[in-house]
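Remarks on the overall topology
Take a look at the letters that make up each chain.
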Number of protein chains: 2
Amino acid sequence: MIALLSPEEREAALAKLPDWTLDPDGTGIRRSFKFPNFVKAFGFMTQVALRAERADHHPEWSNIYNRVEIRLSTHECGGLSKRDVALAKKIDLLVS
Amino acid sequence: MIALLSPEEREAALAKLPDWTLDPDGTGIRRSFKFPNFVKAFGFMTQVALRAERADHHPEWSNIYNRVEIRLSTHECGGLSKRDVALAKKIDLLVS
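Before going into details, it helps to say that this report is about the structure given with it. (Residues numbered from 1 in each chain as written. Chains lettered and ligands numbered in written order. Predicted model: local features only at pLDDT ≥ 70, side-chain atom pairs only at ≥ 80, totals over all residues. Heavy atoms only, no water.)

This brings us to the pattern of salt bridges. Residue and element names in this part refer to chain A. Per the counting criterion, the structure on display carries 12 salt bridges over all chains. Notably, a salt bridge pairs Arg-30 with Asp-23, separated by 2.5 Å at the nearest N-O pair. Accessibility expressed as a relative area gives 44% for Arg-30, which makes it partly exposed. Overall, Asp-23 belongs to the buried group, its relative accessible area being 7%. A salt bridge links Glu-76 to Arg-83; the nearest nitrogen and oxygen atoms lie 3.6 Å apart. Residue Glu-76 is classed as partly exposed on the basis of its relative accessible area, which comes to 46%. Shared partners join several salt bridges into a network, and the residues in it are Asp-23, Arg-30, Glu-60 and Arg-71. (Salt bridge = Lys/Arg side-chain N within 4 Å of Asp/Glu carboxyl O. Buried < 20%, exposed > 50% of the residue type's maximum accessible area, 1.4 Å probe, protein only.)

Moving on, we get to the relation of the copies chain B and chain A. For the match of chain B to chain A, the screw axis carries a shift of 0.0 Å, the RMSD comes to 0.0 Å, and the turn is 180°. Look at the turn and shift together and you get a two-fold axis relating the two. In terms of proximity to the rotation axis, the leading residue of chain B is B:Ser62, whose C-alpha is 2.0 Å off the axis. Interface overlap between copies: 100% of the residues of chain B at the interface are likewise at the interface in chain A, consistent with a symmetric, same-surface contact. (Least-squares fit on C-alpha atoms with pLDDT ≥ 70 in both. Contact = heavy atoms within 4.5 Å.)

Before going further, it helps to spend a moment on helix H3 (residues 82-94) of chain B. Residues and elements named next belong to chain B. Over its 13 residues, H3 runs 19 Å from end to end, which matches the ideal 18 Å to within 8%, given 1.5 Å per residue. Within H3, the full set of buried residues consists of Asp-84, Val-85, Leu-87, Ala-88, Ile-91 and Asp-92. Angularly, the buried residues of H3 cover 165° about the axis, an arc narrow enough to put them on a single face. Exposed and oriented more than 90 degrees from the buried face of H3 are Lys-82 and Leu-93. Residues of H3 that are buried sit in contact with helix H1 (7-15), strand S2 (29-34), helix H2 (38-55) and strand S4 (67-72). (Helix = DSSP H or I, 4+ residues; strand = E, 2+ residues; numbered from the N terminus. Expected span 1.5 Å × (residues − 1). Arc of directions from axis to C-beta.)

Residue and element names in this part refer to chain B. As paired elements, S2 and S4 share 6 bridges and run antiparallel to each other. Bridge pairing in S4 places Ser-32 opposite Glu-69. Sheet topology places strand S3 (residues 60-64) next to S4; 5 bridges connect them, and they run antiparallel. Across the sheet, the residue bridging to Ser-62 is Glu-69, located in S4. (Pairing = 2+ DSSP bridges.)

Counting residues at the interface gives 15 residues for chain B and 15 residues for chain A. A combined buried area of about 1300 Å² lies between chain B and chain A, and 72% of that area is made up of carbon and sulfur atoms. Across the chain B-chain A interface, the total number found is 0 salt bridges. Taken together, chain B and chain A are joined by 2 residue pairs in polar contact (both at pLDDT 80 or more). For the side of chain B that touches chain A, the secondary structure elements donating two or more residues are H2 and S3 of chain B. Among the elements that line the side of chain B that touches chain A, the one with the most residues is H2(B), at 7 residues. Of the residues in the side of chain B that touches chain A, the class split is 9 nonpolar, 4 polar and 2 charged. (Buried area = accessible area lost by both parts, 1.4 Å probe. Polar contact = N/O pair within 3.5 Å; in protein donor to acceptor, adjacent residues only side chain to side chain. Nonpolar A, V, L, I, M, F, W, Y, C, P; charged D, E, K, R; others polar.)

Here is the structure:
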């Protein structure tokens, strides 16, 4: 069973993820991305998909043309876990 | 400028797309898909993405693990056009 982050762990993790926003209920984090076009947006999604599958931890996400919205949350524990933090860091590296 | 479908054209098109649901305001059509796992779901999305890019007509869509929700609408005319019907038919072929 994957554990929920404690409030202290969550605060420390979010400090290192300044582009992500905590959901009002604290159960997930979100980030929006904008690319020059659909090819760039879906290329990014493909990179995220491969990393997500490798980690066996998958995003909730949507795409409209050049925009991608990602929410990370851990279903097994009903909130944020270290898996979300790890995937968010990998995603940030793709666009940094 | 791409034209909106007339009510008659829309009705005729939807009769051939029985798995798609018209939005209450008539501006788009939606279909939900469920796959065995994320790899199958994202593989399907990749096939749709390539067809969408080739047609220069892109879906609004979201994915959570093995589920994909697609909405088709034509931004240029603020509603349904023949482009949506053509892409819906291509998508249906991928899962038929």
